[in-house]
Amino acid sequence: DAIGLRPKQLVTADALRLAQQRVRDVPAVAAARVSYHPTEEGRAQIDAAVLERDRAPLTWPAWLGIGAGALANREATAVFTNVSGGGDAVTATWRWWEHRPMIGASYAAPGPGGIWTIDASRETQTFGTAAVEETRTRAGLQIRNWIGQRARVSGGVGLERWSDRGRSASFAAAAEFWPLVDRLAIEG
């Protein structure tokens with residue numbers, strides 16, 4: 001479903017490139033290749049090869065990566081993929097900086113119209129020399145999708161609660177354009 005190619009659809013180079021971008025965007029996919037080969041009566045068979053991410057950070061390189069991030073940033077992040085078997089990913093983050101603690105989690109999965117992500121977090125930030133602290137609790141929902149082989153759009157909504165300002169809604173939108181495929185991105 002993430003590939004977006006349907007039976008009896010005309011297969012073009014652009015459609016294959018878009019299919020590859022979409023399948024690479026699936027949270028549980030580490031690498032992917034989409035190709036085709038001709039069959040009888042002018043038809044084509046689409047072949048999608050994916051390399052899935054490890055289900056959990058259980059290998060030495062994964063633990064070294066978590067440890068390096070913890071040493072450099074005082075933050076640990078772990079990603080668990082294919083929790084439901086549908087290409088999804090659960091991410092858990094903990095930051096233990098003095099005056100900047102944070103805990104957060106997100107769940108991303110392919111769905112209708114693209115990749116859907118829900119997230120929740122709570123963090124404290126300290127500002128200025130007088131050490132003014134603000135705590136933010138947040139929950140949000142985002143969707144992103146490739147709309148062409150070189151363009152991806154995303155949008156999201158969230159609800160935030162600040163320690164000194166009460167509740168507020170947040171809205172986000174973004175667009176990426178890749179004029180040199182996989183080499184240069186323009187984002188806004």
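The preceding data block contains the structure.
For clarity, every value in this text was computed on a predicted model and none was experimentally measured.

How each quantity is defined
- Each chain carries its own residue numbering, running from 1 in the direction its sequence is written.
- Whole-chain, interface and lining totals are the exception, using all residues; otherwise, since this is a predicted model, local features are given only for residues with pLDDT of at least 70 and side-chain atom pairs are given and counted only at 80 or more.
- Hydrogens and water are ignored here; the side-chain numbers use all heavy atoms of the structure.
- Think of it this way: DSSP has to see at least two bridges between two strands before they count as a pair.
- Helical segments are the DSSP runs of H or I of at least four residues, strand segments are the runs of E of at least two, and each set is numbered from the N terminus.
- Every angle, taken between N-to-C directions, lies between 0 and 180 degrees, and every axis is a line fitted to C-alpha atoms, over only the stretch in contact when it is a helix.
- Between 30 and 60 degrees the pair is tilted, below 30 it is stacked and above 60 it is edge-to-face, where a pair is any two Phe, Tyr or Trp rings, Trp via its six-membered ring, whose centres lie within 6.5 Å.
- A positively charged side chain is recorded as over a ring if its NZ (Lys) or CZ (Arg) lies within 6 Å of the ring centre. The angle to the ring normal must also be within 35 degrees.
- Any residue with relative accessible area above 30% and no salt bridge may belong to a patch, with like charges joined within 9 Å and the nonpolar Val, Leu, Ile, Met, Phe, Trp and Tyr side chains within 5 Å.
- Per-residue accessibility takes into account occlusion by the displayed protein chains alone, with areas from the Shrake-Rupley method and a 1.4 Å probe.
- In what follows, salt bridge is the name for a side-chain nitrogen of Lys or Arg lying within 4 Å of a carboxyl oxygen of Asp or Glu.
- Every helix has an expected span of 1.5 Å times one less than the residues it contains.
- Each residue's exposure class comes from its accessible area (1.4 Å probe, protein chains only) as a fraction of the maximum for that residue type: buried when under 20%, exposed when over 50%, partly exposed otherwise.
- Residue contacts are defined here by distance: any two heavy atoms, one from each residue, within 4.5 Å place the two residues in contact.

A. The arrangement of the sheet that holds strand 3 (residues 75–81) in detail. The strand order 3-4-5-6-7-8-9-10 describes an open sheet built from 8 strands, whose pairing is antiparallel. Every interior strand has two partners, whereas the edge strands, strand 3 and strand 10 (184–187), have only one. Each strand axis lies, on average, 20° off the axis of its neighbour in the sheet, ignoring direction. The pairing of strand 9 (residues 166–180) with strand 10 spans 3 bridges and is classified as antiparallel. Each bridged residue has a counterpart across the sheet, and for Leu180 the counterpart in strand 10 is Leu184.

B. The arrangement of the packing of aromatic side chains in detail. As enumerated under the stated definition, the model contains 1 aromatic pair in all. A ring pair is formed by Trp94 and Trp96, whose centres lie 4.8 Å apart and whose planes are at 45°; its orientation type is tilted. Of note, Arg100 hangs over the ring of Trp97, and the distance from its end group to the ring centre comes to 4.4 Å. It is Arg165 that lies over the ring of Trp162; its NZ or CZ is 4.2 Å from the centre.

C. Here's a closer look at a nonpolar patch on the surface. A cluster of nonpolar residues, Tyr107, Trp116, Ile118, Leu141, Val157 and Phe171, forms a patch on the protein surface that exposes about 570 Å² of accessible area. Among the structural elements, Ile118 can be located in strand 6 (residues 114–127).

D. Structural view of helix 1 (residues 13–24). The first and last C-alpha atoms of helix 1 sit 17 Å apart over 12 residues, in line with the 16 Å expected at 1.5 Å per residue. With respect to burial, helix 1 is a largely interior element, 9 of its 12 residues being buried. Looking only at helix 1, the buried set comprises Ala15, Leu16, Arg17, Leu18, Ala19, Gln20, Gln21, Arg22 and Val23. Looking at the buried residues of helix 1, the elements they touch are strand 1 (29–38), strand 2 (44–52) and strand 7 (132–148).

E. Up close: helix 2 (residues 60–73). An ideal rise of 1.5 Å per residue puts 20 Å on 14 residues; helix 2 measures up with 20 Å between its terminal C-alpha atoms. Here the buried face of helix 2 lies against strand 3 and strand 4 (89–97). One or two steps after helix 2, the chain reaches Arg74, where phi turns positive at roughly 50°.

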